[in-house]
Amino acid sequence: MEKINILGAHVSNVTASEAADIILHRTKNKETTRVFTPNSEIIENFRKDPKMLEILNSAELLTPDGIGVVIGSKILGTPLKERAAGFDIANLLLDRARKDGLTFYFFGSKEEVGKLAKENVEKMYPGVKIVGTHSGYFSENDDIASIIAEANPDIIFVCLGAGKQEKWIYDNAPRLSGKALLGIGGSLDVFAGTVKRAPDIFIKLNLEWFYRLIKQPQRFIRMLALPRFILSVTGYRLKHGKE
Ligand code: UDP
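1. Topic: the packing of helix α1 (residues 16-28) against helix α5 (residues 86-100)
Axes are the key here: two packed helices are described by the angle between their axes and the distance separating the axes.
Step number 1: Where α1 contacts α5, the two axes come as close as 9 Å, and the packing angle between them is 45 degrees. On the basis of the axis angle, α1 is oblique to α5. As α1 packs across α5, the resulting crossing turns out to be right-handed. Across from Ala 16, Ser 17, Ala 19, Ala 20, Asp 21, Ile 23, Leu 24 and Lys 28 in α1, the residues of α5 making contact are Asp 88, Ile 89, Leu 92, Leu 93, Arg 96, Ala 97 and Asp 100.
Step number 2: Here the contact of α1 with α5 is built from residues that sort into 9 nonpolar, 1 polar and 5 charged.

Given below as structure tokens:
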């Protein structure tokens, strides 16, 4: 699979559908798969920290969650096919895994959000097997990996927010070998219905970021990372040319 270097992050050039198929194939073969879905904010914030870049690049699949990363790849002259959002990959997996009887675990968000997400997903995808949920608010001493290993799921959604979830997956994947671990931020909130995803028209016009800004204006400062990222990418291209 082609990987494209975006400011040091090696992003997989795959569609959401291809990513879901790769994850299912590897999981059936009992190969561990770490999946991170960085947006431009994550790449911009992680790229100056060698440890965080090492963590990002340890993933077998690193898919572009935001349109900013796709625009950045075009500026660099090495275009990615399309945005492959974590939430879309999660939905494709829930749908397709039913055929193979692969099971899921939801780790993250508040306990009641995880439970509600499970209920809703079971209605949306009849026959899907979710073998457990666990709150994302825990103490250092809690051994969540053991609890998840005991439930023995095939695919684990790790939804602890950017940074925390990637570190958790990096540290705990060796203890959950043969499984797929996806760091997919606020997905459980969306499945639970506590946070709404943007209407389709915003997604089609690549304006999902704008919808989130209107709905959650407190994210404004965080979202300034997008223009900083575009400036960084442009600077990189001017300095290095096309790789
Ligand atoms: N979260 C969690 N544990 C924490 C911090 C956050 O489980 O210690 C959850 C939070 O409840 C939310 C999810 O992480 O459901 C993602 O948060 P956010 O939307 O901020 O995600 P990001 O944009 O950082 O990926």
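2. As for the pairing of strand β2 (residues 9-12)
Step number 1: The pairing of strand β1 (residues 3-6) with β2 spans 4 bridges and is antiparallel. In the sheet register, Asn 5 faces β2, and the bridge partner there is His 10.
Step number 2: Once β1 ends, the chain turns through 2 residues before running back antiparallel as β2, passing Leu 7 with a positive phi of about 50 degrees.

3. Some remarks on the sheet that holds strand β4 (residues 61-62)
Step number 1: The parallel open sheet is built from 6 strands, whose spatial order is β4-β3-β8-β7-β5-β6. Edge positions in the open sheet fall to β4 and β6 (129-134), since each of these has one partner strand only.
Step number 2: Taken together, the 4 bridges between strand β7 (residues 155-159) and strand β8 (residues 180-183) define a ladder with parallel strand orientation. Residue pairing across strands places Ile 156 opposite Leu 181, the latter belonging to β8.
Step number 3: Lying over the sheet, α5 contacts β5 (103-108), β7 and β8, oriented at roughly 155 degrees with respect to β7.

4. Observations concerning the packing of aromatic side chains
Step number 1: Under the counting rule described, the total for this entry stands at 7 aromatic pairs.
Step number 2: Ring centres of Phe 106 and Phe 157 lie 5.4 Å apart, and the angle between their planes is 10 degrees; this geometry places the pair in the stacked category. Of the two residues, Phe 106 sits in strand β5 while Phe 157 sits in strand β7, which places them 51 residues apart along the sequence.
Step number 3: Phe 106 gets classed as buried once you look at its relative accessible area, which sits at 0%.

5. Description of the site of the ligand
Step number 1: Around the ligand, the surrounding shell holds 14 residues, and the nearest of these are Ser 109, Gly 136, Tyr 137, Lys 164 and Asp 189.
Step number 2: Within the contact set of the ligand, an oxygen atom lies 2.7 Å away from a side-chain nitrogen or oxygen of Ser 109.
Step number 3: In the model, an oxygen atom of the ligand is placed 3.3 Å from a nitrogen or oxygen of the Cys 159 main chain.
Step number 4: Here the ligand, which alone exposes 550 Å², has 77% of that area covered by the protein.
Step number 5: Here the shell around the ligand is composed, by residue class, of 4 nonpolar, 6 polar and 4 charged.

6. Focus on the pattern of salt bridges
Step number 1: This structure, assessed with the given rule, holds 18 salt bridges.
Step number 2: Residue Glu 18 is joined to Lys 81 by a salt bridge in which the shortest nitrogen-to-oxygen separation is 2.9 Å. Of this pair, Glu 18 sits in helix α1 while Lys 81 sits in the loop between α4 (67-75) and α5; the two residues are 63 residues apart in sequence, bridging distant segments of the chain.
Step number 3: Measuring nitrogen to oxygen at the nearest pair gives 2.4 Å for the salt bridge that ties Arg 98 to Asp 95.

7. Here's the deal with the environment of Ile 169
Step number 1: Residue placement: Ile 169 occurs in helix α8 (residues 164-172).
Step number 2: Separated by 56 residues in the primary sequence, Ile 169 and Ala 225 place their C-alpha atoms 24 Å from one another.
Step number 3: Contact partners of Ile 169, with chain neighbours within four places excluded, come to Arg 34, Phe 36, Val 158, Leu 181, Leu 182 and Gly 183.

What counts as what
Residues numbered from 1 in each chain as written. Predicted model: local features only at pLDDT ≥ 70, side-chain atom pairs only at ≥ 80, totals over all residues. Heavy atoms only, no water. Axes fitted to C-alpha atoms, helices over the stretch in contact; angles between N-to-C directions. Helix = DSSP H or I, 4+ residues; strand = E, 2+ residues; numbered from the N terminus. Parallel < 35°, antiparallel > 145°, perpendicular 65-115°, else oblique. Left-handed = near helix turned anticlockwise from the far one by under 90°. Contact = heavy atoms within 4.5 Å. Nonpolar A, V, L, I, M, F, W, Y, C, P; charged D, E, K, R; others polar. Pairing = 2+ DSSP bridges. Phe/Tyr/Trp six-rings, centres within 6.5 Å; stacked < 30°, edge-to-face > 60°. Buried < 20%, exposed > 50% of the residue type's maximum accessible area, 1.4 Å probe, protein only. Near = heavy atom within 4 Å. Polar contact = N/O pair within 3.5 Å; in protein donor to acceptor, adjacent residues only side chain to side chain. Areas by Shrake-Rupley, 256 points an atom, 1.4 Å probe, with all protein chains shown as cover. Salt bridge = Lys/Arg side-chain N within 4 Å of Asp/Glu carboxyl O.

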